[in-house]
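# Remarks on the overall topology
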Amino acid sequence: MKNIILFGAPGAGKGTQASLLAEKFDLIHLSTGEMLRREVALETPLGLRVRNIMNRGDLVGDDVVVSLIAKALDHGRNEMLDEWDELRLRRACGIGPDDPLPEKPQPSIIYDGFPRTVQQCQMLEFLFQKKQRRLDAVISIDVPQEELVHRIHERALSSNRSDDTEEVIRHRLEEYEAKTRPVLDYYKVSGRLVSIDGSGEIPETNTRLCQVMEYIMAR
Ligand code: AMP
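Since the model is a prediction, treat every value here as computed from it, not as a measurement. (Residues numbered from 1 in each chain as written. Predicted model: local features only at pLDDT ≥ 70, side-chain atom pairs only at ≥ 80, totals over all residues. Heavy atoms only, no water.)

### Some points on the sheet that holds strand 2 (residues 28-31)
Two modes of strand pairing occur in sheets, parallel and antiparallel, and in both the strands are linked by backbone hydrogen bonds. The parallel open sheet is built from five strands, whose spatial order is 2-3-1-4-5. Sheet topology places strand 2 and strand 5 (193-197) at the edges, where each strand pairs with a single neighbour. Averaged over all pairs of adjacent strands, the angle between strand axes in this sheet comes to 20 degrees, irrespective of strand direction. In terms of strand pairing, strand 1 (residues 3-7) meets strand 4 (residues 137-142) through four bridges, oriented parallel. (Pairing = 2+ DSSP bridges. Helix = DSSP H or I, 4+ residues; strand = E, 2+ residues; numbered from the N terminus. Axes fitted to C-alpha atoms, helices over the stretch in contact; angles between N-to-C directions.)

### Description of the site of the ligand
The environment of the ligand is formed by 16 residues, the closest being Thr 32, Asp 58, Gly 113, Gln 120 and Arg 172. Asp 58 places a main-chain nitrogen or oxygen 2.6 Å from an oxygen atom of the ligand. For the ligand, the protein covers 96% of the area, taking 480 Å² as the surface of the free molecule. A per-element tally of the shell around the ligand places helix 2 (residues 32-41) first, with four residues. Residue classes in the shell around the ligand are distributed as six nonpolar, four polar and six charged. (Near = heavy atom within 4 Å. Polar contact = N/O pair within 3.5 Å; in protein donor to acceptor, adjacent residues only side chain to side chain. Areas by Shrake-Rupley, 256 points an atom, 1.4 Å probe, with all protein chains shown as cover. Nonpolar A, V, L, I, M, F, W, Y, C, P; charged D, E, K, R; others polar.)

Written out as structure tokens, the structure is:
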């Protein structure tokens, strides 16, 4: 039962790479951005509260995202199976095809877009203690600023996301520099940070990530 954080600036390709890794290594993919977008689309009270914050490109409150993660970790079997098929869940937990599933299986998880502030890192540590999980690795996808800006131009042309206009993405990059980059220093100290070059095409970055993941999953 591994816990891996995929870290990177907006435009680094976290979402794409996290999906590919989840598929290949049988992981649950937890994306706080996706969870929040779901709340907004469903117009839940939380969604209505965070919609404008997200549209501006600001970060949502630490307590909000941590409680979404806590809820996801608390998921009962059935809710988890909604997002994930049973076969993958059995494989990931080493449960045979005819054996009963436990009420709360503990599969490996890849975290995408979380934590994004040092405060969230500290809250996650506390949460892991409570849930008897431990952090195995933080993988940072490093992309130079010029390449991020180039990708942002491209993404702004083709994306359906309301926070993918050029102006808002620039603000998201500022938020990243001010509040999220310090997360790297936080994890550097603990020796669990691995950085990979994410400046190339998706398959190239994916190959590098898979090499790191093979090592983490085998430990
Ligand atoms: P993402 O899809 O990860 O790029 O996130 C989209 C937006 O959701 C961000 O710009 C924030 O407004 C919000 N968001 C997602 N994850 C977090 C987080 N861990 N902390 C605060 N805000 C978040």
